[in-house]
Amino acid sequence: MPTGLDRPLNENSPMTSSPDTRPVLIAGGGIGGLALALTLHQIGVPCVVLEAVPAIQPLGVGINLQPNAVRELYDLGLDADVLDRIGLQAREWALVGRNGSEIYAEPRGLQAGYRWPQYSLHRGELQMLLYRTVLERLGTDAIRLGHRVTGYRQTDDGVTATVETRDGQRMDIEGSLLVAADGLHSAVRAQMHPTQPPIQWGGAIMWRGTTPGLPIRGGASFVGVGSLKHRVVLYPISPPDPTTGLATINWIAEITVDNSQGWTQGDWNRRVAIDDFIHHFEGWDFGWLDVPAMLRGAKEVFEYPMIDRDPVPTWVDGRVALLGDAAHVMYPVGSNGASQAIVDARVLGAALLNHGLTPAALKAYDDKLCADISALVLRNRGSGPFGILGLVDERCGGVFDDIEQVVPAAEREAYMARYKAAAGFAIETLNAAPSTIEAGARLNA
Ligand SMILES: Cc1cc2nc3c(=O)[nH]c(=O)nc-3n(C[C@H](O)[C@H](O)[C@H](O)COP(=O)(O)OP(=O)(O)OC[C@H]3O[C@@H](n4cnc5c(N)ncnc54)[C@H](O)[C@@H]3O)c2cc1C
């Protein structure tokens, strides 16, 4: 099988032995790796993405992109015209108790006053959009599929990624820097932090799927129903079909069980039967939402443990940096895994503009993000924005007539404001912040 690395080098090829144009090597062509490739292209830095799978496919189900990440996509030229084609602008975030009564609701995106919307969309569609855009802008040589990065070596002025191809070839690829966006099971992180503990699982299991359904509430609402340890989250990731009125509703059904046996695997694509778990949600029919019917309406369901990794003290080793889930895989309670991967890419791009293709740039990136985002990983472990459900459980066992008597509005609002500030979602701060990367900025321009 051709590896692509034996192609002749030419002007447009990022693979060159000249020291001035050695590419930045990116391990992983997921959301983070592809956002970084587009960022590097924007600022005039050659790069090559080394992706383990032989073909990029639209895998996963729904995710949310927060306004801080949407802003960065807009700055990459992927604006509302483009994103509206693959997702839906979210307008509300709400929590509902096990009795079907509202606990908390707040506007999201433009409705909340952000200058950029929040998008609910299909993870695979977003990855395909980024992939197509990389191919269009950087050319096909910029992505090497079937190239698994297994580790790295470095000298004072360069880095070598060790790579294994699908047909078993091993090769060394040289670059100026290596950025590992190789996800939850990052090989580069394992080498950088050889004593890191195994994956951490707190006991929550998520079943994920999509079902055609009538949108509820305002039609673009993210709704969490139930208690902290037994809940369903749902939101539409498409507008309603004009003929049927049905939208694609993404849902996550979740319970928390005893975690003493541990769960060391994390495979986003493990399929399970609906009958394996639907009994946990029998009777969850509130009239305005029939949870069992929604779960049964899915063509396929994926099971995934809610896992993360203990934060590491640094994401950088000389000319090598971690990005996205490789740096900070976190519980998806705050809908910020993909958003943070995109923001990482932009912050790294800004650091390269300031410091060149140097270890100092990677250190600046690390200094800017590692401590704060590591704290966010731990905060999400403590239930993130769903923490209000925990307060309701604690104070009334989840059963209430008047939520004001259980968690007053001021307390609910203060809780959410603290979470959003920590996650980088604070409205005024984001709206007033200068662009991460100035339009037209180029390295060595
Ligand atoms: C198949 C899949 C499905 C997902 N589904 C969901 C979902 O439904 N909901 C949700 O919230 N999150 C999902 N995620 C996780 C979500 O995409 C990430 O949390 C987030 O987008 C951060 O992106 P990332 O680029 O850091 O990691 P990822 O999006 O996980 O991308 C990592 C990429 O690196 C590649 N890779 C892995 N190891 C190597 C290696 N050694 N060398 C080279 N390449 C490597 C992977 O094939 C992948 O393309 C999924 C991830 C994957 C890979």
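Going by the structure above, here's the rest.
Residues numbered from 1 in each chain as written. Predicted model: local features only at pLDDT ≥ 70, side-chain atom pairs only at ≥ 80, totals over all residues. Heavy atoms only, no water.

**Q** For the overall build of the protein chain, give the residues involved together with the corresponding values.
**A** The helix and strand inventory of the protein chain stands at 13 helices and 20 strands. Against the compact-globule benchmark of 22 Å for 445 residues, the protein chain has a radius of gyration of 22 Å, which places it among compact chains. Counting only C-alpha atoms, the protein chain reaches 70 × 50 × 45 Å along its principal axes. Buried positions account for 57% of the 445 residues belonging to the protein chain. Counting only contacts in the protein chain whose residues sit at least 6 apart along the sequence, the fraction spanning at least 24 positions is 75%. Split by element, the accessible area of the protein chain, about 18,300 Å² in all, is 51% carbon and sulfur. (Helix = DSSP H or I, 4+ residues; strand = E, 2+ residues; numbered from the N terminus. Rg over C-alpha atoms; globule rule 2.2 N^0.38 Å. Buried < 20%, exposed > 50% of the residue type's maximum accessible area, 1.4 Å probe, protein only. Contact = heavy atoms within 4.5 Å. Areas by Shrake-Rupley, 256 points an atom, 1.4 Å probe, with all protein chains shown as cover.)

**Q** Residue-level account of the sheet that holds strand β5 (residues 92-96), with values.
**A** One open sheet holds the eight strands; their spatial order is β6-β5-β14-β15-β16-β13-β18-β17, and the pairing between them is mixed. Strands at the two margins of the open sheet, each flanked by one partner only, are β6 (102-107) and β17 (271-272). Inspection of the sheet shows strand β13 (residues 200-213) paired to strand β18 (residues 301-308) by six bridges, in the antiparallel sense. Its bridge partner being in β18, R208 is matched across the sheet by F302. Running over the sheet, helix α10 (residues 387-396) touches β5, β6, β14 (221-227) and β15 (230-236) and is turned about 160 degrees from β6. (Pairing = 2+ DSSP bridges. Axes fitted to C-alpha atoms, helices over the stretch in contact; angles between N-to-C directions.)

**Q** Before we move on, can you summarise unusual backbone geometry with the specific residues and values?
**A** Glycine aside, negative phi is the norm for most residues, and most peptide bonds take the trans geometry. In the Ramachandran plot, R217 falls in the positive-phi region, its phi being about 50 degrees despite a non-glycine side chain. Among the secondary structure elements, R217 is positioned in the loop between β13 and β14. Accessibility expressed as a relative area gives 36% for R217, which makes it partly exposed.

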